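One-letter residues, chain by chain:
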Amino acid sequence: MWLAGRVWWCGVRERAASCALGLLASLIVPTCAFAVPGNIPSIFDPHSPPAYSIHTLSVLVLGITAAIFVIVAGLLTYSIVRFRARPGDEDREPPQVYGSNQIELAWTVVPTLIVFVLFLVTTRTLIAIENAVPPENALHVRVIGHQWWWEFRYPEQGVVTANELHVPLGRPTFLTLESADVVHSFWIPQLNGKTDVIPNRVNRMWFEPSVAGTYLGQCAEYCGTQHARMMLRVVAHDPAEFETWVAGQREPAAAVASATTGRDLFQSVACMNCHRIGGTVADGAFGPDLTHLMTRETIAAGAAPNTADALHAWITNPDTIKPGALMPAMKLADNDVKEIVAYLTTLK
Ligand code: CUA
């Protein structure tokens, strides 16, 4: 299983080199036993207006720089081959050229023009992406970065969730980004560029997914031990489906009679100091809101699938999934952990 986890992790990086290194490292340090499918996609597969703009700009910049590379490398290769030393050349010196006005003018003006063009197109894209004004029908979400998870608050809908951001198709989502601790960076490559999430500051970004589905993202600013496992998902729904999701999230937690033991345990040990479960006395704000935990695909910000086994491992000792995670190992008896997991899995 740990090998499967490794292979998945390599997919996230999409780089053969780091994959090889990861596999090598996994031979020495066995890591997380839970694999979550999904790769962080490329910016070359955009699905939202700001991402389209960034894609167009990237292609243009790549085109210009590729042309420069081909011209410079071509001239260099030609000169090396054409003017290489030949037998009998020992005493001959090439023509010595000093201070050619034309050449000096050319290699000053041409690069200046290229840099100026790159500066203008980049600035135009930046302004177009950042100065968007939210239309009347925009969805507003407050994003709060934590070590190492994402909190999503929908002020107009009264919904709070974590790590998986649900949005409707057909209207833009405008985000305000805040941090509860250190600097993070919010990044969903297919929807928009990276936006830093800075303490004591509110940054903004927006996107509008073009097709329904799940878009993977990742914290893109080193923020501590588990920066790499600070992932996120954006789930884009048809409008009606989104309204159904909102209605479900607004409900208090389900009270299932068979899970009473687990619920009482949750409320009598320290869990409730950090986690909120709507409709119960658990009202902590330090960790993710668990009211509708089971509507999420993953736990621990995408580090493990949201299954009973992974929840059991997570509650027993979070370090086995995410070393350094701020949730402590509660040192509970295994049977108590089972009861709590049984309760948590009723939170649909
Ligand atoms: Cu949060 Cu890196």
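See the structure printed just above.
Residues numbered from 1 in each chain as written. Predicted model: local features only at pLDDT ≥ 70, side-chain atom pairs only at ≥ 80, totals over all residues. Heavy atoms only, no water.

### Thoughts on the pairing of strand β4 (residues 164-168)
- Of all five residues in β4, five are buried; the element is thus mostly enclosed.
- Neither face of β4 is exposed, since Glu164, His166 and Pro168 on one face and Leu165 and Val167 on the opposite face are all buried.
- Pairing geometry for β4 and strand β10 (residues 231-237), over five bridges, is parallel. Following the sheet pairing, Pro168 is matched in β10 by His237. (Buried < 20%, exposed > 50% of the residue type's maximum accessible area, 1.4 Å probe, protein only. Helix = DSSP H or I, 4+ residues; strand = E, 2+ residues; numbered from the N terminus. Pairing = 2+ DSSP bridges.)

### A closer look at the environment of Ser53
- Relative to the assigned elements, Ser53 resides in helix α3 (residues 49-82).
- On the basis of relative accessibility, which here comes to 28%, the residue Ser53 falls in the partly exposed class.
- With 73 residues separating them in the primary sequence, Ser53 and Leu126 have C-alpha atoms 9.0 Å apart.
- If sequence neighbours within four positions are ignored, Ser53 has contacts with Thr125 and Ile129. (Contact = heavy atoms within 4.5 Å.)

### As for the packing of helix α6 (residues 260-268) against helix α9 (residues 334-344)
- Contact pair α6 / α9: the axes reach a minimum separation of 7 Å and the direction vectors enclose 105°. By the angle between their axes, α6 is roughly perpendicular relative to α9. For the pair formed by α6 and α9, the contact residues are Thr261, Gly262, Arg263, Leu265 and Phe266 on the first element and Asp336, Glu339, Ile340, Tyr343 and Leu344 on the second.
- For the contact of α6 with α9, the class distribution of residues is five nonpolar, two polar and three charged. (Axes fitted to C-alpha atoms, helices over the stretch in contact; angles between N-to-C directions. Parallel < 35°, antiparallel > 145°, perpendicular 65-115°, else oblique. Nonpolar A, V, L, I, M, F, W, Y, C, P; charged D, E, K, R; others polar.)

### Description of the sheet that holds strand β5 (residues 173-179)
- Taken in spatial order, the five strands line up as β3-β2-β1-β5-β8 in an open sheet, and their pairing is mixed. Edge positions in the sheet fall to β3 (159-162) and β8 (203-207), since each of these pairs with one other strand and no more. When the angles between neighbouring strand axes are averaged without regard to direction, this sheet yields 25°.
- Note that β5 and β8 share five bridges and pair antiparallel. Counterpart to Leu177 in the pairing with β8 is Asn203.

### Some thoughts on the pairing of β3
- Inspection of the sheet shows strand β2 (residues 149-154) paired to β3 by four bridges, in the antiparallel sense. By the bridge assignment for β3, Phe152 is matched with Thr161.

### Topic: the pattern of salt bridges
- Taken as a whole and assessed by the stated rule, the structure comprises seven salt bridges.
- For the salt bridge of Glu243 with Arg171, the shortest nitrogen-to-oxygen distance reads 3.8 Å. Note that Glu243 is positioned in helix α5 (residues 239-250) and Arg171 in the loop between β4 and β5, a separation of 72 residues in sequence.
- On the basis of relative accessible area, Glu243 is assigned to the partly exposed category, the value being 43%.
- Close ionic contact of Lys338 with Asp334 constitutes a salt bridge, the shortest N to O distance being 3.3 Å. On the criterion of helical spacing, the pair formed by Lys338 and Asp334 is a turn pair, its members being four residues apart in helix α9. (Salt bridge = Lys/Arg side-chain N within 4 Å of Asp/Glu carboxyl O.)

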